[in-house]
Amino acid sequence: MGQFLEYVKIAYKSILSNKGRTFLTMLGIIIGISSVIMITGLGSGVKNALDGSLGDLFRGQTYIYSTGEENITVDDINYIKNNVKGLKMCTMENYYRGTAQSVKGEFTVDYYMVNETYEYFAVEGMLHGRYFTEDEVNNAENVAVIDEAGAKAFFGSTDVVGQSFYVDLYGDLLEYRIVGVRKAKESQLMNLVNNLNGDYNLVKLETPYTHYEKATNDTWIMDNNSDVLISSDSPDVNDTLKRIVNILESRHDVRGEEQFYIDSFDSYMEKINQVIGYVTLFIGFVSAISLLVGGIGVMNIMLVSVTERTSEIGIRKALGARTGSIMTQFLAEAAMITFVGGVIGVLLGYGG
């Protein structure tokens, strides 16, 4: 142990006597390690950011689309909702884009025609009031749920339960009474998308689909519905989705014709994360090359150091030092350089 400490002491003195050369030797190690850590950390960060921003909004949600002439009817959706267990949400999601006028100006309204299970579309929950009920949907009442940002922009306040206003949908003027305010999305990604789309004065309104039919006598949008939005708490989600597709195929007598297909958010996230993983792996591999370069640099400098100290080596051998002892001394010096460089690289990598 004492001999090992002596090797370390000699190596330490040698490093201090050549500070500039030692730092340049360490630089390759520092850059290599820190860049690998930062690149892999960045890849994990992007994965987590996407999974957090989008996953909180859409995780577990699946659209089942009609690909052919067969539409998914309201009766289909009600049958699935009442006969398939474990469904949190089972609704159509049709919408028009209209306008509404307030004392603050004219606003664009995304007018969603849904049923009561659309309450579980997102995880934000309700800020004020409640969601409309199944009875209100069946009775085609003119109730609505507005988003927090829209309520604040349109009314100047978020506590607007009980307020009424008119929406102009291509010439049809419809009055709605607000029964609930949905919390604003906390997703920075979704807010950015809305800003890029120019949706600064956008109000999202969720209403019973039945009221639109009753108020306008227009059944076209429901008769031509092409999708159903599903969210399930079932641990066997895939089995549940396949069962829903089988039900639709049976009700429309198109078994085996692949008229309906499943479009799952989770599958998209899996593909996105896979691509990010490949990119991160590739960039990490490129960054790791600098580690190899750094290692070669250490070898080169130690070779130079041996050449410079041939007289010292000769004297030590003349005094009886073994070749292994001399080699251990140089290895201790190289190990100390790479260890210190590695520690600095790790600290910089995690800091970055």
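This structure is a prediction, so every number in the text was calculated from the model and none was measured. (Residues numbered from 1 in each chain as written. Predicted model: local features only at pLDDT ≥ 70, side-chain atom pairs only at ≥ 80, totals over all residues. Heavy atoms only, no water.)

Undergrad: Go over the side chain of histidine 252, please, and point to the residues and values.
TA: Secondary-structure assignment places histidine 252 in the loop between α9 (237–251) and β11 (260–264). Here asparagine 71 takes part through its backbone oxygen, which lies 3.3 Å from a polar atom of the side chain of histidine 252. Not counting the four nearest positions on each side in its chain, histidine 252 is found in contact with Glu70, Asn71, Asp76 and Phe260. (Helix = DSSP H or I, 4+ residues; strand = E, 2+ residues; numbered from the N terminus. Polar contact = N/O pair within 3.5 Å; in protein donor to acceptor, adjacent residues only side chain to side chain. Contact = heavy atoms within 4.5 Å.)

Undergrad: An account of the pattern of salt bridges is needed here, citing residue identities and associated values.
TA: Tallied over the entire structure, the rule returns seven salt bridges. For the salt bridge of lysine 81 with glutamate 116, the shortest nitrogen-to-oxygen distance reads 2.9 Å. Pair noted here: lysine 81 is in helix α3 (residues 74–83) and glutamate 116 is in the loop between β4 (105–114) and β5 (126–129), with a separation of 35 residues, a long-range link. Taken as a pair, lysine 81 and glutamate 116 share a single burial class, namely buried. In this structure, arginine 97 and aspartate 110 form a salt bridge, with 2.7 Å as the shortest nitrogen-oxygen distance. Taken as a pair, arginine 97 in strand β3 (residues 94–102) and aspartate 110 in strand β4 lie far apart in primary sequence, 13 residues in all. Given the relative accessible area of 7%, aspartate 110 is considered buried. Connected via shared salt-bridge partners are Lys81, Glu116 and Glu134. (Salt bridge = Lys/Arg side-chain N within 4 Å of Asp/Glu carboxyl O. Buried < 20%, exposed > 50% of the residue type's maximum accessible area, 1.4 Å probe, protein only.)

Undergrad: Before we move on, could you go through the confidence of the model for the protein chain and cite the residues and values that matter?
TA: In the predicted model, the protein chain carries a mean pLDDT of 81, and the fraction of residues at 70 or more is 89%. Between the elements of the protein chain, mean pLDDT differs from a low of 48, seen in helix α6 (residues 188–196), to a high of 94, seen in helix α4 (residues 134–138). (pLDDT = per-residue confidence, 0-100.)

Undergrad: Describe the sheet that holds strand β10 (residues 227–232), and please don't skip the residues or the numbers.
TA: Across the sheet, four strands lie side by side as β2-β10-β1-β11; this open sheet has antiparallel pairing. Edge positions in the sheet fall to β2 (87–91) and β11, since each has one partner strand and no second. With direction set aside, neighbouring strand axes in the sheet form an average angle of 20°. For strand β1 (residues 61–66) and β11, the ladder comprises five bridges, and the chain directions are antiparallel. If you follow isoleucine 64 over to β11, its bridge partner there is isoleucine 262. Across the sheet, α3 touches β2 and β10, and the angle it forms with β2 is around 170°. On top of the sheet, α9 reaches β1, β2, β10 and β11; it is set at about 155° to β11, its chief contact. (Pairing = 2+ DSSP bridges. Axes fitted to C-alpha atoms, helices over the stretch in contact; angles between N-to-C directions.)

Undergrad: Account for the packing of aromatic side chains, naming residues and giving values.
TA: Under the definition given, this model contains 14 aromatic pairs. Seen from their ring centres, tyrosine 112 and tyrosine 118 are 6.2 Å apart, and the 25° between their planes marks the pair as stacked. Ring geometry for phenylalanine 154 versus phenylalanine 155: centroids 5.0 Å apart, planes at 75°, classification edge-to-face. Residue phenylalanine 154 is classed as buried on the basis of its relative accessible area, which comes to 3%. Joined through ring pairs, the aromatic side chains of Tyr96, Tyr111, Tyr170, Tyr176 and Tyr212 make up one cluster. Its end group placed over the ring of tyrosine 112, lysine 204 keeps NZ or CZ at 4.7 Å from the ring centre. Here arginine 251 stacks its cationic end above the ring of tyrosine 79, 4.8 Å away from the centre of that ring. (Phe/Tyr/Trp six-rings, centres within 6.5 Å; stacked < 30°, edge-to-face > 60°. Lys NZ or Arg CZ within 6 Å of the ring centre and 35° of its normal.)

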